[in-house]
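# An overview of the molecular structure
Now for the letters of each chain:
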Amino acid sequence: MITVHGTVQSTLDPARAFTYLSAFEHTPEWDPGTPVVDKLSEGPVAVGHRYHAEAEFRGKRQALTYEVIELTANRITLRGENKSVISVDTIDVSPAGTGSKVDYTAEFQLKGMLKFAEPFVRPAFNSLAGPAMDGMKKTLDAQASL
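Structure report, in brief. In this text, all values refer to a predicted model and were calculated from it rather than measured experimentally.

Each value, and the rule that gives it
- Residues numbered from 1 in each chain as written.
- Predicted model: local features only at pLDDT ≥ 70, side-chain atom pairs only at ≥ 80, totals over all residues.
- Heavy atoms only, no water.
- Core = buried A, V, L, I, M, F, W, Y, C linked by side-chain atoms within 4.5 Å.
- Buried < 20%, exposed > 50% of the residue type's maximum accessible area, 1.4 Å probe, protein only.
- Contact = heavy atoms within 4.5 Å.
- Helix = DSSP H or I, 4+ residues; strand = E, 2+ residues; numbered from the N terminus.
- Phe/Tyr/Trp six-rings, centres within 6.5 Å; stacked < 30°, edge-to-face > 60°.
- Salt bridge = Lys/Arg side-chain N within 4 Å of Asp/Glu carboxyl O.

### A look at the nonpolar core
Within the largest apolar cluster, 34 residues are counted, with the highest numbers of intra-cluster contacts made by Leu21, Val102, Phe125, Met136 and Leu140. If we ignore the near neighbours within four places in the chain, the residues touching Leu140 are Ser10, Leu12, Ala17, Tyr20, Leu21 and Val102.

Shown next, in the form of structure tokens:
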């Protein structure tokens with residue numbers, strides 16, 4: 001399994017930060033590695049809601065279907081899957097001073113023969129964190145000024 005983790009602090013209050021981030025369809029606004037997310041379920045975010053996402057990895061787009069598998073007042077976990085990977089993404093939001101702290105963890109489990117390539121592709125997965133965390137911070141801080 002490949003685990004990628006990042007933390008950002010924002011001036012946006014925790015409740016607003018979580019509301020924004022838990023609406024997974026906002027992901028393309030802050031994560032350049034996920035340019036497409038379409039909500040497939042109606043209504044406010046809830047356990048069982050599904051999304052179609054397209055992630056860019058090593059110059060190629062890969063479609064995944066995500067489902068919300070956990071949702072609390074400050075934590076959301078989504079599980080995405082396609083023929084080559086299972087991705088479990090967890091976002092935790094907590095108070096930090098007058099703003100918020102966001103911990104983002106993505107766990108990737110490669111399927112089939114790709115499991116053997118894990119040591120070779122781990123750096124490529126790890127390189128996704130920096131741009132995503134930078135985008136998250138900028139977007140959350142911009143939300144704080146609205």
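### What to know about the environment of Pro119
Along the chain, the position of Pro119 falls in helix α3 (residues 118-126). Each C-alpha atom of the pair Pro119 and Ile2 lies 8.8 Å from the other, and the pair is 117 residues apart in sequence.

### Regarding the side chain of Ser22
Its location among the elements puts Ser22 in helix α1 (residues 14-22). When sequence neighbours within four positions are dropped, the list of residues in contact with Ser22 reads Val45, Tyr51 and Ile76.

### Here's the deal with the environment of Met113
Looking at the secondary structure, you find Met113 in the loop between β7 (99-110) and α3. Placed 96 residues apart in sequence, Met113 and Ala17 show a C-alpha to C-alpha distance of 39 Å.

### Considerations on the packing of aromatic side chains
Scanning all chains against the criterion turns up 4 aromatic pairs. Plain terms: the ring middles of Phe24 and Tyr66 are 5.0 Å apart, the flat faces sit at 55° to each other, and that makes the pair tilted. Of this pair, Phe24 sits in the loop between α1 and α2 (27-30) while Tyr66 sits in strand β4 (residues 60-71); the two residues are 42 residues apart in sequence, bridging distant segments of the chain. Each member of the pair Phe24 and Tyr66 is classed as buried. The rings of Phe24, Tyr51 and Tyr66 are connected pair by pair, giving a single aromatic cluster.

### Considering the pattern of salt bridges
By the definition in use, this model includes 10 salt bridges. A salt bridge links Arg50 to Glu67; the nearest nitrogen and oxygen atoms lie 3.6 Å apart. Linking Arg50 in strand β3 (residues 50-57) with Glu67 in strand β4, this pair joins segments that are 17 residues apart in sequence. You can call Arg50 partly exposed: its relative accessible area is 38%. As a salt-bridge pair, Glu81 and Lys111 come within 2.5 Å of each other at their nearest N and O atoms. Placement of the pair is Glu81 in strand β5 (residues 75-81) and Lys111 in the loop between β7 and α3, with a sequence separation of 30 residues. On the basis of relative accessibility, which here comes to 30%, the residue Glu81 falls in the partly exposed class. Through salt bridges with shared partners, one network takes in Glu54, Glu56 and Arg61.

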